[in-house]
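Residues per chain are reported as follows:
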Amino acid sequence: MVTALSLLNAPFLIPKPLTQLKTLPSAKPNSPFFFPSSFPSFPNLQQHRFTGQPPIAASLKEKVGCFKKTLSDFTSLNYWVVRDYYRLVDSVNALEPEIQRLSDEQLAAKTSEFKKRLNQGEAVSDIQAEAFAVVREAAKRKLGMRHFDVQIIGGAVLHDGSIAEMKTGEGKTLVSTLAAYLNALTGDGVHVVTVNDYLAQRDAEWMGRVHRFLGLSVGLIQKGMTAEERRINYQCDITYTNNSELGFDYLRDNLAGNNDQLVMRWPKPFHFAIVDEVDSVLVDEGRNPLLISGEASKDDARYPVAAKVAELLMRGLHYNIELKDNSVELTEEGIALAELALDTNDLWDENDPWARFVMNALKAKEFYRRDVQYIVRNGKALIINELTGRVEEKRRWSEGIHQAVEAKEGLKIQADSVVVAQITYQSLFKLYPKLSGMTGTAKTEEKEFLKMFQMPVIEVPTNLPNIRKDLPIQAFATDRGKWEYVSQEVEYMFRQGRPVLVGTTSVENSEYLSDLLQERNIPHSVLNARPKYAAREAEIIAQAGRKYAITISTNMAGRGTDIILGGNPKMLAREIIEDSLLSFLTREAPSIEVSDMAISRKVFSKVKVGPSSMALLAKAALMAKFVGKSEGKSWTHEEAKSIILESVEMSQLKPLKELQKLIDEQSEMYPLGPSIAITYLSVLKDCEVHCTKEGSEVKRLGGLHVIGTSLHESRRIDNQVSD
């Protein structure tokens, strides 16, 4: 347990004598710098690795730098702020034995007690320690997860209207339950805002168990919901949503003609919000406006003509571009050629203005690249979010740019539109009287958060010491040189059996690197915005920590799926269930086609399930076969997967005794759902054993190797070891 006293007396604060400093090891078989004789030689790779200072000097510099950083942390304001929060931690820990003795009914009754005390005049801060202790105990009983001391600090930071910067894997999702519960006790509503529908749904179902157990109502806003469904969910004590849905609901409410059309809590729709990935929402995308558009005049026929004219014009001769602000300027020669092609005397004629269409066509030609800024799917040009790598089906570029892109690709031109309502995320979240956020990277934008939202950034310490090694940034003269080096690095790590995650900035780059790895016969998975990959997003990321796993990804990040060394046992267990049962539930082949190289599992060690799991799988498969016959139909592939998914969720919500009781009660009706649920629990135990064993082996090899790439021919290699 980390305490303020232990931090003050930490041995790493005491400098060691120089005689104790170890030199950097020479190349040995177990060293990451060692290249076996059987492995092909990479002169460039070795040159990058071995140039620099002598080993002793480098080691000395590293030790001194580490000591300076520790001393700087000790003297920082953040250190003393965190230390002060430990007083709350001590109070919560002191209450824990008392809370543990409560029955489930008594624990749930605490919510009514807290609300009564608030109504009698007590402040929220008066019940904070006790409320946190109650949430910790509820999470322990319903999720099997007990908040660490540092997570209690994270919850307090959120409650104070600040930003909690927590490292990846430190449990930000669990931390949010503390502040959400405490602030929901006032009855004014709490919004937990995530970056996409998947995470909102996952958190509402997962963390919602804690809140529902304690007697609070939990709502969820998803794309495609009706106004009535949204209204009901916004009235809940805690509502999970994503930033886009929240913004558009606010805009639609402002355009509503009467009170019956409103969906949010008016006259006070905003009370307290916890924003996940707050730096992405409020800084990276903060100034991007959310728009509600109405149809304007149609000039569909002009866009294809302008696109043809743009093809005739040559950069440097007929027009010049400015990369800084994505602007285009026609030269005299360009104007003359455009006017000749369009058969007009004046490109800027007020009565017949062709200039805007030509300029947009040139911008589409120069600045909007397929598979980078957008992707073509089902005859539509869909925007790729540059920050998340995801496809945004409902978003369109304004001022005719999107139509120009459609014309360039030869697609059907959608009608132009006019903006009737708009708001930026920064303006939207300023409407909250109390706002907090959490992320892994916010300190670099702290000044902007203070200036715009008066929210300080508090760095919450990790529960265990951070053992990740961040290697320096490397720059390359050419794009080709960078990708060749990355492919060499991947192959070197693959020969060791070490999992590798490569982050790329576009669909184009991810597929280019994939081609290079295919030339080297390196099995790998690709995760980008293309449907054939995005459909298996969570599954691909779940495998990324396995031995020999190579994953190339854009910023999609696996929708919140944890990368666990040795593999994610829950996802592996689900795959085993699907592989065993889908063929009995449906005869339909999957609609998504993925290349063998992209999803190759031939290098992964096979999960061995025990005899009891094998028997349960055989029984479930036989039952699935008979259920299909008794129903007189075969489900579609998606319907069959949904049946399995519902059964897996049932296994998480109901205890084993209750599942067995359901099977006994439905013995004459083929109790497929409960049978799959029990089978899943058995297979999950086998997968946990396998993943723990493989994870230990991966950890011995050095853990997950992360390679980040950028647009500017530079990259950062993070040598990560995690539990």
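Residues numbered from 1 in each chain as written. Predicted model: local features only at pLDDT ≥ 70, side-chain atom pairs only at ≥ 80, totals over all residues. Heavy atoms only, no water.

## Quick notes on the nonpolar core
Here is step 1: In this structure, Phe132, Ile153, Tyr181, Leu214, Ile238 and Tyr240 are the most contacted members of the largest nonpolar core, which totals 55 residues.
Here is step 2: When near neighbours in sequence (up to four residues on either side) are disregarded, Tyr181 contacts Lys110, Thr111, Phe114, Ala131, Val134, Val135, His211, Leu214, Leu216 and Ile238.
Here is step 3: In this structure, Ala306, Leu347, Leu362 and Ile383 belong to the second largest nonpolar core, which totals 33 residues. (Core = buried A, V, L, I, M, F, W, Y, C linked by side-chain atoms within 4.5 Å. Buried < 20%, exposed > 50% of the residue type's maximum accessible area, 1.4 Å probe, protein only. Contact = heavy atoms within 4.5 Å.)

## Some words on the environment of Val210
Here is step 1: Of note, Val210 is situated in helix α10 (residues 208–213).
Here is step 2: Taking the relative accessible area as the measure of exposure, Val210 reaches 0% and is therefore buried.
Here is step 3: For the pair Val210 and Arg141, spaced 69 residues apart in the sequence, the C-alpha separation amounts to 8.7 Å. (Helix = DSSP H or I, 4+ residues; strand = E, 2+ residues; numbered from the N terminus.)

## Some thoughts on the sheet that holds strand β2 (residues 190–194)
Here is step 1: Ordered by their spatial adjacency, seven strands build an open sheet running β3-β4-β2-β5-β13-β1-β14, and the pairing between neighbours is parallel. Each having just a single partner strand, β3 (218–220) and β14 (457–459) make up the two edges of the open sheet. Adjacent strand axes in the sheet meet at a mean angle of 20°, parallel and antiparallel pairs treated alike.
Here is step 2: Sheet topology places strand β1 (residues 163–165) next to β14; three bridges connect them, and they run parallel. Counted as the bridge partner of Ile163 is Val457 from β14. (Pairing = 2+ DSSP bridges. Axes fitted to C-alpha atoms, helices over the stretch in contact; angles between N-to-C directions.)

## Re helix α24 (residues 569–585)
Here is step 1: Along its 17 residues, α24 runs 24 Å from first to last C-alpha, staying within 8% of the 24 Å computed at 1.5 Å per residue.
Here is step 2: In this structure Asn568 caps α24, since a side-chain oxygen of it lies 3.1 Å from the backbone nitrogen of Lys570. (Expected span 1.5 Å × (residues − 1). Polar contact = N/O pair within 3.5 Å; in protein donor to acceptor, adjacent residues only side chain to side chain.)

## So, the sheet that holds strand β9 (residues 374–377)
Here is step 1: On the basis of which strands lie adjacent, the open sheet formed by three strands has the order β9-β10-β11 and antiparallel pairing. Among the strands making up the open sheet, the edge pair consists of β9 and β11 (391–392).
Here is step 2: Judged from the four bridges that link them, β9 and strand β10 (residues 380–384) form a sheet pairing that is antiparallel. Each residue of the ladder has a partner; that of Ile375, found in β10, is Leu382.

## As for the side chain of Thr194
Here is step 1: Summarising the element assignment, Thr194 is placed in strand β2.
Here is step 2: A relative accessible area of 1% places Thr194 in the buried class.
Here is step 3: Side-chain polar atoms of Thr194 contact the backbone oxygen of Asn196, separated by 3.1 Å.
Here is step 4: Reaching out from Thr194, the side chain makes a polar contact with the backbone nitrogen of Ala200 at a distance of 3.3 Å.

## Focus on the packing of helix α5 (residues 104–119) against helix α6 (residues 128–142)
Here is step 1: One can describe the packing of α5 onto α6 by two numbers: an axis separation of 11 Å at closest approach and a directional angle of 150°. Comparing their axes, α6 and α5 come out roughly antiparallel. Pair α5 / α6 crosses with left-handed handedness. Touching Asp104, Leu107, Lys110, Glu113, Phe114 and Arg117 of α5 are Glu130, Ala131, Val134, Glu137, Ala138 and Arg141, all from α6.
Here is step 2: Looking at the contact of α5 with α6, its residues break down into five nonpolar, no polar and seven charged. (Parallel < 35°, antiparallel > 145°, perpendicular 65-115°, else oblique. Left-handed = near helix turned anticlockwise from the far one by under 90°. Nonpolar A, V, L, I, M, F, W, Y, C, P; charged D, E, K, R; others polar.)

## Some words on the side chain of Glu406
Here is step 1: Relative to the helices and strands, Glu406 is located in helix α17 (residues 401–408).
Here is step 2: By relative accessible area, which is 3% here, Glu406 ends up buried.
Here is step 3: With near-sequence residues (within four places) excluded, Glu406 lies in contact with Ala381, Arg396, Leu411, Lys412, Ile413 and Gln414.

## A word on the confidence of the model for the protein
Here is step 1: For the protein, the average pLDDT comes to 80, and 80% of its residues sit at 70 or higher.
Here is step 2: Considering each helix and strand of the protein separately, the mean pLDDT is smallest for helix α2 (residues 43–50), with a value of 37, and largest for helix α7 (residues 149–159), with 96.
Here is step 3: Residue range residues 1–63 is modelled with pLDDT below 50. Its contacts to residues more than four positions away, or to other chains, number 65 contacts.
Here is step 4: Predicted confidence for residues 594–599 stays below pLDDT 50, and this span has 15 contacts to residues more than four positions away or in other chains. (pLDDT = per-residue confidence, 0-100.)

## Here's the deal with the pattern of salt bridges
Where charged atoms from two side chains of opposite charge come close, those side chains can pair.
Here is step 1: Going through the model one piece at a time under the given rule, you end up with 29 salt bridges.
Here is step 2: Here Lys110 makes a salt bridge to Glu130, at a shortest N to O gap of 2.7 Å. Placement of Lys110 in helix α5 and of Glu130 in helix α6 is noted, with a sequence separation of 20 residues between them. Considered together, Lys110 and Glu130 belong to a single accessibility category, that of buried residues.
Here is step 3: Where Glu508 meets Arg369, a salt bridge forms, and the shortest distance between an N and an O atom there is 3.5 Å. Of this pair, Glu508 sits in helix α21 (residues 507–519) while Arg369 sits in the loop between α16 (355–367) and β9, placing them 139 residues apart in sequence. (Salt bridge = Lys/Arg side-chain N within 4 Å of Asp/Glu carboxyl O.)

## Overview of the environment of Ser176
Here is step 1: Structurally, Ser176 is set in helix α8 (residues 172–184).
Here is step 2: Looking at Ser176, the relative accessible area reads 3%, which means it is buried.
Here is step 3: Sequence spacing of Ser176 and Val192 is 16 residues, and the spatial spacing of their C-alpha atoms is 8.0 Å.
Here is step 4: Setting aside anything within four residues of it in sequence, one finds Ser176 in contact with Leu158, Ile274 and Met438.
Here is step 5: Polar side-chain contacts of Ser176 include one of 2.6 Å to the backbone oxygen of Thr173.

## A few points about unusual backbone geometry
Here is step 1: Looking along the chain, the bond that leaves Trp266 and enters Pro267 is cis, with omega of 15°.
Here is step 2: In this structure, Asp343 takes a positive phi of about 55° despite not being glycine.
Here is step 3: Position of Asp343 relative to the elements: it lies in the loop between α15 (332–342) and α16.
Here is step 4: Assessed through its relative accessible area of 74%, Asp343 is described here as exposed.

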